[in-house]
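What follows is the residue order along each chain.
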Amino acid sequence: MKKFIGLLAVAICVLTSCKEDESSSLNPGTLNLTFENRIAESPLILGETYTNTSNENYRVSELKYIISNITLRRKDGSLFIIPPEESYFVVNQAQASSLTINLDNIDAGAYESVSFGFGVDPTKYPIQSGTLNFIPTAEETGMLWTWSAGYKFIKFEGDFTSNSTQEESPFLIHVGSHGANLDNYREITVPLENTIDEDFMIAEDIQASQHINFDIAQIFDGPNLISLENKSDIQVDPENAPKIASNISTAFSIN
Amino acid sequence: MSRFIYILLFITVLGCATDNGEYEALEQEENAITENPLLDFTVPSNFPEATYDISQNPPTEKGFELGKRLFFDGQLASDGVVSCGFCHIQEFAFTHHTHITSHGVDGLIGTRNAQPLHNLAFMKDFTWDGASTFLDSQPIIPITAEVEMNETVSNVLNKLRNDPNYPTLFAEAYGSEGITSERLFKSLSQFMVMMVSANSKYDKWERGEAITFTQEEEDGRMLFQAKCASCHAGTLQTDQSYRNNGLPLDPEFNDMGRENVTGLIEDARKFKVPSLRNIEITFPYMHDGRLSTLEDVLDFYTDGVTISDNLDPLLIKADGTLGIEISQEEKIKIIAFLKTLTDTDFLNDDRFSEF
């Protein structure tokens, strides 16, 4: 009889373990992150002329960058991590649909911030990081270096004139990591905020969205001053690439 | 009473399987385990620890076979001909001989000599300049390089998806439908990770397996230790560093080597110290294949080293002259030792053969 009770207990445990966790009554929701590329306070317009603090006039013909490893922080401090294999995106200024990243199946609750990677974390094993399935996207958008099994984190191109050269010359800025030698990947965190002073909620039937501004002017005029006249072709550049990566990491904001 | 127990057991076994879908999934999983066994990847006792994280991509029978098929499939190239195996031929330890630098699609000639493929699970990074940090992403380089396979990964995937066989082979290897780049590269890695060459005379000697070197080989080993092993260090004969060994710059290629990856001027003309496993049959030698015999290589190290800003200091002798001091007699002995690194079991291993 003892055996019978024992088995009964096992059966009950097994059966009850199948019950849905009912602690959270709200169903998962979606979050739209919209990246707005700007020059200071105005939206960036491809082909328009802007002036940096080095007094160089520049026009942007192409702006693409990789956003990855998105993690949401709940109000209670715990994290909701977007599955890595679904967490790699190319934002392309010339393609409006790419400016908004749609994240779904996010646990319902109150959130306070979002973190994301700028580029691809080179320290992570490719299978673990989920980047292997990102390769075709990166390739089709020109974000792969052909000579290396690595990514361009940002592709920023156009032309410029400076005080000394009035003739337009091209500029080309491709920043990525340099093998295992130099890591230009940066992690960025911005708050999640409502226009009304309430918790930022994600749940089914809520249209949760956040605008994230990327001030392109900061690439030149961030903490490190970058002058195109000084160097207009920055690719595998161990001096300037980390400076630009640092500038970029301070260029994101909301509002 | 016993009937009661059986009913309860039945309920217990039924467990969480609330619908048939889950039941089928379980059955499939069991089938997958029995029909697609894990392969045994063992680190040879005289080897260092593997750098490749096997737990992230454990080779299976079907994954390995798929990787092998992909390795020898010209569909990975734009011309449908130049497969990985086109330049990496097993009997030459997966390098090739017919050209100095390796050639790709449309008869285009590359700037470098295809490296042999063996013991890749023990390497830190890949290619002559270390442009790939992970084995799983290395194949991107040859697949997309214009002078190699000149293809895109996306198009390779399209071709495989439209192939009559690959959809089934991928499903069998991974337990579900779908041809993705992750699965493509995982399969290639499974094939390459299993290519362990560890049965040369030298290995057997190192493991103490009742084998003796001839006097010439033993003398050569001692000389190698004294004159070569500061760079060609350890069981795999490489410290995996990048060095400028004093090869004169070939203006045709103007290959800056490691500098291409790091952007550092001090890395100009540095190339990876290669493993010397199977060196006897992996000619021609050096990153651009400019030397055709082992005698040529040793002659280069005694008489051919040229000065440049970052020539490796180990190649500058105390009196300021360049190169390594090796007599003709010593060279013969060193070569005799180098030939003990040939692993005929590996070169003839059916598991890695195209046919």
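Residues numbered from 1 in each chain as written. Chains lettered and ligands numbered in written order. Predicted model: local features only at pLDDT ≥ 70, side-chain atom pairs only at ≥ 80, totals over all residues. Heavy atoms only, no water.

Quick word on the packing of helix α10 (residues 215-227) of chain B against helix α13 (residues 328-338) of chain B
Residue and element names in this part refer to chain B.
- Contact geometry of α10 with α13 gives a least axis separation of 7 Å together with a crossing angle of 100 degrees. Considering their axes alone, α10 and α13 lie roughly perpendicular with respect to each other. Residues E216, E217, D219, G220, R221, L223, F224 and K227 of α10 pack against E330, I332, K333, I334, A336, F337 and L338 of α13.
- Of the residues contributing to the contact of α10 with α13, the split by class is 7 nonpolar, 1 polar and 7 charged. (Axes fitted to C-alpha atoms, helices over the stretch in contact; angles between N-to-C directions. Helix = DSSP H or I, 4+ residues; strand = E, 2+ residues; numbered from the N terminus. Parallel < 35°, antiparallel > 145°, perpendicular 65-115°, else oblique. Contact = heavy atoms within 4.5 Å. Nonpolar A, V, L, I, M, F, W, Y, C, P; charged D, E, K, R; others polar.)

So, helix α12 (residues 294-304) of chain B
- Along α12 of chain B, the positions that sit buried rather than exposed are L294, V297, L298, F300, Y301 and T302 of chain B.
- Residues of α12 of chain B that are buried sit in contact with α13 of chain B. (Buried < 20%, exposed > 50% of the residue type's maximum accessible area, 1.4 Å probe, protein only.)

Some thoughts on helix α5 (residues 240-249) of chain A
- Across the 10 residues that make up α5 of chain A, a large majority, 7, are buried.
- If you check which residues of α5 of chain A are buried, you get N240, A241, P242, I244, A245, N247 and I248 of chain A.

Re the packing of aromatic side chains
- The tally for this structure, following the rule as stated, stands at 37 aromatic pairs over all chains.
- With a centroid separation of 5.4 Å and 25 degrees between ring planes, the pair formed by Y65 of chain A and F118 of chain A is classed as stacked. With a gap of 53 residues between them, Y65 of chain A in strand β4 (residues 57-74) and F118 of chain A in strand β8 (residues 109-118) connect regions that are remote in the sequence.
- Given a relative accessible area of 0%, Y65 of chain A falls into the buried group.
- Look at F118 of chain A and you get buried, because its relative accessible area is 3%.
- With a centroid separation of 5.7 Å and an interplanar angle of 45 degrees, the aromatic rings of F156 of chain A and F220 of chain A are classed as tilted. Linking F156 of chain A in strand β9 (residues 152-161) with F220 of chain A in helix α4 (residues 217-221), this pair joins segments that are 64 residues apart in sequence. Both residues of the pair, F156 of chain A and F220 of chain A, belong to the buried class.
- The ring of Y166 of chain B carries the charged tip of R69 of chain B above its face, separated from the ring centre by 5.4 Å. (Phe/Tyr/Trp six-rings, centres within 6.5 Å; stacked < 30°, edge-to-face > 60°. Lys NZ or Arg CZ within 6 Å of the ring centre and 35° of its normal.)

Describing the pattern of salt bridges
- Inspection of the entire model under this criterion finds 31 salt bridges over all chains.
- Among the salt bridges present, the one from K227 of chain B reaches E330 of chain B, with a minimum N-O distance of 3.9 Å. Taken together, the positions of K227 of chain B in helix α10 and E330 of chain B in helix α13 put the pair 103 residues apart, joining distant regions of the chain.
- Given the relative accessible area of 22%, E330 of chain B is considered partly exposed.
- Across the pair E325 of chain B and K317 of chain B runs a salt bridge whose closest N-O atoms are separated by 2.9 Å.
- The exposure class of K317 of chain B is partly exposed, given its relative accessible area of 21%.
- The network of salt bridges with shared partners includes E62, K64, K155 and E157 of chain A. (Salt bridge = Lys/Arg side-chain N within 4 Å of Asp/Glu carboxyl O.)

Brief notes about the pairing of β9 of chain A
Residue and element names in this part refer to chain A.
- Counting buried positions along β9 gives 10 out of 10 residues, so the element sits mostly inside the fold.
- As judged from the 8 bridges shared by β4 and β9, these two strands associate in the antiparallel manner. By the bridge assignment for β9, L63 is matched with F156.
- By the bridge criterion, 8 bridges tie β9 to strand β10 (residues 169-176) in an arrangement that is antiparallel. (Pairing = 2+ DSSP bridges.)

Some details on empty space enclosed by the protein
All names here are of chain B.
- The final tally for this structure, using the stated rule, is 2 cavities of 30 Å³ or more.
- Of the volumes computed, that of the largest cavity is approximately 100 Å³.
- Considering the residues around the largest cavity, the lining is formed by 16 residues, among which L249, D255, F271, H287 and R290 are closest to the centre.
- In the lining of the largest cavity, the residues fall into 5 nonpolar, 6 polar and 5 charged.
- Taken as a whole, the second largest cavity encloses approximately 40 Å³ of empty space.
- For the second largest cavity, the full set of lining residues is Y202, F224, Q225, A229, H232, A233, G234, Q237 and F337.
- The residue makeup of the lining of the second largest cavity, split by class, is 5 nonpolar, 4 polar and no charged. (1 Å grid on protein atoms, 1.4 Å probe; cavity = no way out; pocket = protein on both sides within 12 Å on 5 of 7 lines; lining within 4 Å. Points joined across faces, edges and corners; volume = space filled by probe spheres on them.)

Observations concerning the confidence of the model for chain B
All names here are of chain B.
- Summing up the model confidence of chain B, the mean pLDDT is 90 and the portion of residues at 70 or higher is 90%.
- Within the model, pLDDT remains below 50 along residues 4-26, and this stretch shows 20 contacts once partners closer than five positions in the same chain are excluded.
- Reported for the predicted complex are a pTM of 0.87 and an ipTM of 0.83. (pLDDT = per-residue confidence, 0-100.)

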